[in-house]
Amino acid sequence: MNRSIVRQLIAKDLYLYRWLIAGALLAGLAALPISGREGATGTIGLILWMTAITALGIFLVMYGVMTERQSKSLLFVLSLPISPTQYAIAKVAASLIAFLIPWGGLLATIVGTAVAFEPPPEGHIPFVVALMFFMFANFAFLLMLLLVTRSEYWAIAGILGTNLGIPAYMNIVPRLPGIAGNSDLPEAVWSPQILTTIGVEAAVVVLCLGLALYVQARRKDHI
Amino acid sequence: MNVPAIEFEGVRKSYKFFALDGISFRLEQGQIMGFVGPNGAGKTTSIRILMALIQQDAGEVRVLGHAMPREQVAAKWDVGFVSDDMRLFGSATLAWHMSFVKSIYPSWDDDYAKQLLKRFYLHPEQQIKSLSTGERVKALLLLVLARRPRLLVLDEPTAGLDPVARHEAIAELMEVLKDDDRSILFSSHNTLDVEQISDQITFIDRGRIVESDDKEAFLDRWRRLALDVPESARLHEPRGVTEVTRSGHTAVVTANAYSPELEAIYTQAGATVRDVRRMTLEEIFVATVTHNRKERGE
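Residues numbered from 1 in each chain as written. Chains lettered and ligands numbered in written order. Predicted model: local features only at pLDDT ≥ 70, side-chain atom pairs only at ≥ 80, totals over all residues. Heavy atoms only, no water.

Enquirer: Describe the overall build of chain A, with residues and values.
Expert: In terms of helices and strands, chain A carries eight helices and zero strands. Going from N to C terminus, chain A has its helices and strands arranged as α-α-α-α-α-α-α-α. Taking 17 Å as the expected radius of gyration for a compact globule of 223 residues, we find that chain A reaches 19 Å, a close match to that expectation. Buried residues in chain A amount to 48% of all 223 residues. Within chain A, contacts between residues separated by at least 24 positions form 78% of all contacts whose residues are at least 6 apart in sequence. By element, 72% of the accessible surface of chain A is carried by carbon and sulfur atoms, the whole surface being about 10200 Å². In chain A, 13 side chains carry a positive charge and 10 a negative one; their mean positions are 20 Å apart. (Helix = DSSP H or I, 4+ residues; strand = E, 2+ residues; numbered from the N terminus. Rg over C-alpha atoms; globule rule 2.2 N^0.38 Å. Buried < 20%, exposed > 50% of the residue type's maximum accessible area, 1.4 Å probe, protein only. Contact = heavy atoms within 4.5 Å. Areas by Shrake-Rupley, 256 points an atom, 1.4 Å probe, with all protein chains shown as cover. Lys, Arg positive; Asp, Glu negative; His and termini not counted. Charge placed at Lys NZ, Arg CZ, Asp CG, Glu CD.)

Structure representation (structure tokens):
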């Protein structure tokens, strides 16, 4: 019966996030054709679709975790027959689903478009995948930070830090040996360096979510 | 044998500037307990421990026979909780909330929910953020009452309401509760609300339970005596008297264990008993808290 309540809580969050999910997906999809253009227009498009993903992550943690706590609707949720750990599982799962729908949709569109294109400009696919995983890791980090610290100040610091990390990432990673120059190739090159980068990002996601659930399970006070 | 609806035994919880100091009380099934205390007395902390929102440092808490917080999931199936600062989801409608709660509790009673909607003048299609404070409290009450919990825990549910909305909410609550055999813990610092609704009263102050008794017993044993006292007469405080205040030739005696013998004692001391009157719950509450603080030297 409790598994079904966790499912209901996930469904509840997805219902409340529905416009956010749709908005991020539509904004990202609208920005993609622009980002494929040459020069400044292309850069603006790139910034727009990265903003769509980043803003989605920020809204999900601020609205879904922080506002639920501050507005005291958390009291209502925790009065339901669930344990605080089950609440955290539902919250993490709902946030992940809400993030991964636009994230996955945009990633699939980028990869699909590149593969379908003739001649194939596929060389940038590995870096785009790595960048998308970086943004996923940023989201997981923010989610963990809010669930663990419950602090608005830490949330703001986390948002600033992860946002500053994106331009730094875009400057550093494409210049790394084994990755540099590959984006201009017609075929995707999955070098050990790019695979390691993606692997580290995926590990950060797992570690952040695991830490969030671990801390929640050991916590004594939930309000 | 019926297990008590709520049992607190030696419950402690410490914060930097406040501590629940080993509180114990018990609410039998079918009883309505008013849990009364000034702001910051420990009512909300106790209720949050009761609802497993926070965990006690020491002591035992059982809700409908379930040890808290360990068996909180089993306990919460039968507990309806409404608190002053609880909020619903502002962007969703009341109808959505009703359907959400219904999807969780098989005990949800559709007909009863419809009756409550009518009685509370609520519109299911209304968004929660457009409800007034009074309507929000009624919406919360509807969501817990329509699933027919065995125990209702109400933490200052009328605190933010204006007098009219408060009167309406209490009247509706009393009407709703008339037909049911529910246990209720009703926390408030408003003694008028508590007096209307409760049949047991527990006073809490500065993290300690200072009195717990049947409401009628409280009202029966507390009296205020007005005395005319000659200057030469010396008034002492016999057993059962919590306070004697003297001003010139008059004195007021507050007693927490009144008996006619008390009048005789003061008459023998040379005083004339001008008036003996029952006290309101608010007067009893203030006298209890003041007396208790004085005894503890606070």
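Enquirer: Pulling in residues and values, what's your account of the sheet that holds strand β2 (residues 19-27) of chain B?
Expert: Residues and elements named next belong to chain B. One open sheet accounts for four strands, arranged β2-β1-β4-β5; its pairing is antiparallel. Each of the sheet's edge strands pairs with one partner strand only, and the pair in question is β2 and β5 (66-68). Shown here is a sheet whose adjacent strand axes are inclined to one another by a mean of 25°, direction ignored. Here strand β1 (residues 6-14) pairs with strand β4 (residues 58-63) via five bridges, running antiparallel. Within β4, the residue paired with F8 across the bridge is V61. Each of β1, β2, β4 and β5 is contacted by helix α1 (residues 43-50), which is oriented at about 115° to β1, the strand it contacts most. (Pairing = 2+ DSSP bridges. Axes fitted to C-alpha atoms, helices over the stretch in contact; angles between N-to-C directions.)

Enquirer: Tell me about the packing of aromatic side chains, residues and numbers included.
Expert: Under the criterion given, the structure shown has 18 aromatic pairs over all chains. Ring geometry for F8 of chain B versus F25 of chain B: centroids 4.8 Å apart, planes at 20°, classification stacked. Linking F8 of chain B in strand β1 with F25 of chain B in strand β2, this pair joins segments that are 17 residues apart in sequence. Each member of the aromatic cluster is reached from another via a ring pair, and the members are Y15 and F76 of chain A together with F89, W96 and F100 of chain B. Stacked on the ring of Y15 of chain A, the Lys or Arg R18 of chain A has its end atom at 4.0 Å from the ring centre. Across from the ring centre of Y112 of chain B, 4.0 Å away, lies the NZ or CZ of R148 of chain B, which sits over that ring. (Phe/Tyr/Trp six-rings, centres within 6.5 Å; stacked < 30°, edge-to-face > 60°. Lys NZ or Arg CZ within 6 Å of the ring centre and 35° of its normal.)

Enquirer: Pulling in residues and values, what's your account of the side chain of Q72 of chain B?
Expert: Here Q72 of chain B is to be found in helix α2 (residues 72-76). Beyond its immediate sequence surroundings of up to four residues, Q72 of chain B is in contact with I82, S83 and P84 of chain A together with A52 and A67 of chain B.

Enquirer: So what's going on with helix α6 (residues 125-149) of chain A? Residues and values would help.
Expert: Residues and elements named next belong to chain A. In this model, α6 (25 residues) spans 36 Å end to end at C-alpha, consistent with the 36 Å of a helix rising 1.5 Å per residue. Burial analysis of α6 places 22 of its 25 residues in the buried class, the great majority of the element. Count one or two residues on from α6 and you reach R150, which has phi positive near 55°. (Expected span 1.5 Å × (residues − 1).)

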